[in-house]
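Residue strings, one per chain:
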Amino acid sequence: MKFETFAKYLFALIGVALLGLCGYLAFGKLSFIASADRVQGQVVELQHVRSSNKNNTDGTWRPLVRFRAPSGALIDFTTSSSSATPRYEAGESVQVYAQPSNPANVMLDDAFELWGGPAMAGIIGGVFLLFAEILRRIQRDQEPGT
């Protein structure tokens, strides 16, 4: 098997797998949103996350958010993502998705927090499929008689 043929199929396989992951992640987010209540929360403080990269001494920031569950309990949580510059300020009101059956299962109503994972998987999967198509066209153009 020629290298181009192997690479074409490998890139296509990776691209399809990543697009499948994109769909799986998006479906999971949509299912979570459909089963969750949207409640008001407040950024209590910004937490500094130290970087494990020795070249990055600044680290990143993520908000600590507090909201009241339907049961009346106050719940604090931090987002799974952080950024180099704080996206929120202490005291800022934010929307939170919380599942009524498990108020500790929460997610900030933030575009990157909700859709960042599916978007990255979809974009990278699309790039792999694009490379597979480019390799297919190169291989087709190199065949004798075309």
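Just above sits the structure.
Thresholds, definitions, all that
- Residues numbered from 1 in each chain as written.
- Predicted model: local features only at pLDDT ≥ 70, side-chain atom pairs only at ≥ 80, totals over all residues.
- Heavy atoms only, no water.
- Pairing = 2+ DSSP bridges.
- Helix = DSSP H or I, 4+ residues; strand = E, 2+ residues; numbered from the N terminus.
- Axes fitted to C-alpha atoms, helices over the stretch in contact; angles between N-to-C directions.
- Salt bridge = Lys/Arg side-chain N within 4 Å of Asp/Glu carboxyl O.
- Buried < 20%, exposed > 50% of the residue type's maximum accessible area, 1.4 Å probe, protein only.
- Core = buried A, V, L, I, M, F, W, Y, C linked by side-chain atoms within 4.5 Å.
- Contact = heavy atoms within 4.5 Å.
- Expected span 1.5 Å × (residues − 1).
- Parallel < 35°, antiparallel > 145°, perpendicular 65-115°, else oblique.
- Left-handed = near helix turned anticlockwise from the far one by under 90°.
- Nonpolar A, V, L, I, M, F, W, Y, C, P; charged D, E, K, R; others polar.

Asks: How do you make sense of the sheet that holds strand β3 (residues 74-78) when you look at a structure like this?
Replies: The strands making up a sheet are joined through hydrogen bonds of the backbone, oriented either antiparallel or parallel. Taken in spatial order, the five strands make up an open sheet running β3-β2-β1-β4-β5, and their pairing is antiparallel. Every other strand in the sheet has two partners, leaving β3 and β5 (102-108) as the edge strands with one partner each. Shown here is a sheet whose adjacent strand axes are inclined to one another by a mean of 40°, direction ignored. Here eight bridges tie strand β1 (residues 37-49) to strand β2 (residues 60-68), and the two strands are oriented antiparallel to one another. What sits directly across from V49, in β2, is T60.

Asks: Mind showing me how you'd approach the pairing of β2 here?
Replies: Working note: regular strand, side chains alternate between the two faces of the sheet. Two strands pair when backbone bridges link them, and β2 and β3 are joined in this way by five bridges, in the antiparallel orientation. Paired with V65 across the bridge in β3 is F77. Counting the residues between successive antiparallel strands, the hairpin from β2 to β3 contains five residues, one of them, G72, with a positive phi of roughly 100°.

Asks: Explain the pattern of salt bridges here, please?
Replies: Close approach of charged atoms allows side chains with opposite charge to pair. Across all of its chains, the model carries six salt bridges by this definition. Note that E133 and R137 form a salt bridge whose closest N and O atoms lie 2.8 Å from each other. Of the two residues, E133 and R137 are both situated in helix α2 (residues 111-142); the distance of four residues between them amounts to about one turn of the helix. Taking the relative accessible area as the measure of exposure, E133 reaches 27% and is therefore partly exposed.

Asks: Looking at this structure, how should I read the nonpolar core?
Replies: Residues V65, F67, F77, V94, V96, V106 and L108 are the most contacted members of the largest nonpolar core, which totals 13 residues. For this core, the elements supplying multiple residues, two or more each, are β1, β2, β3, β4 (93-99) and β5. It is β4 that contributes the most residues to this core, three residues altogether. Dropping the residues within four chain positions of it, F67 is found in contact with V39, Q40, G41, A73, L74, I75, F77, V96, A98, P103 and V106. Counting residues in hydrophobic clusters, the runner-up holds five residues, among them F32, Y97, M107 and L114.

Asks: Just checking my understanding: could you explain helix α1 (residues 3-35) for this structure?
Replies: Along an α-helix, residues three or four apart share an orientation, since each turn contains 3.6 residues. In a regular helix each residue adds 1.5 Å, so 33 residues correspond to 48 Å; α1 covers 48 Å between its end C-alpha atoms and thus fits that length. Of all the positions in α1, only T5, A7, K8, G15, L18, K29 and F32 are classed as buried. Where α1 is buried, its residues contact β4, β5 and α2.

Asks: Would you mind showing me how to read the packing of α1 against α2 here?
Replies: Each pair of packed helices gets described by two things: the angle between the helix axes and the distance between those axes. In the contact formed by α1 and α2, the axes pass within 7 Å of each other and the chain directions differ by 160°. The orientation of α1 with respect to α2, classified from their angle, is roughly antiparallel. In terms of crossing hand, the pair formed by α1 and α2 is left-handed. A per-class count over the contact of α1 with α2 returns 23 nonpolar, seven polar and five charged.

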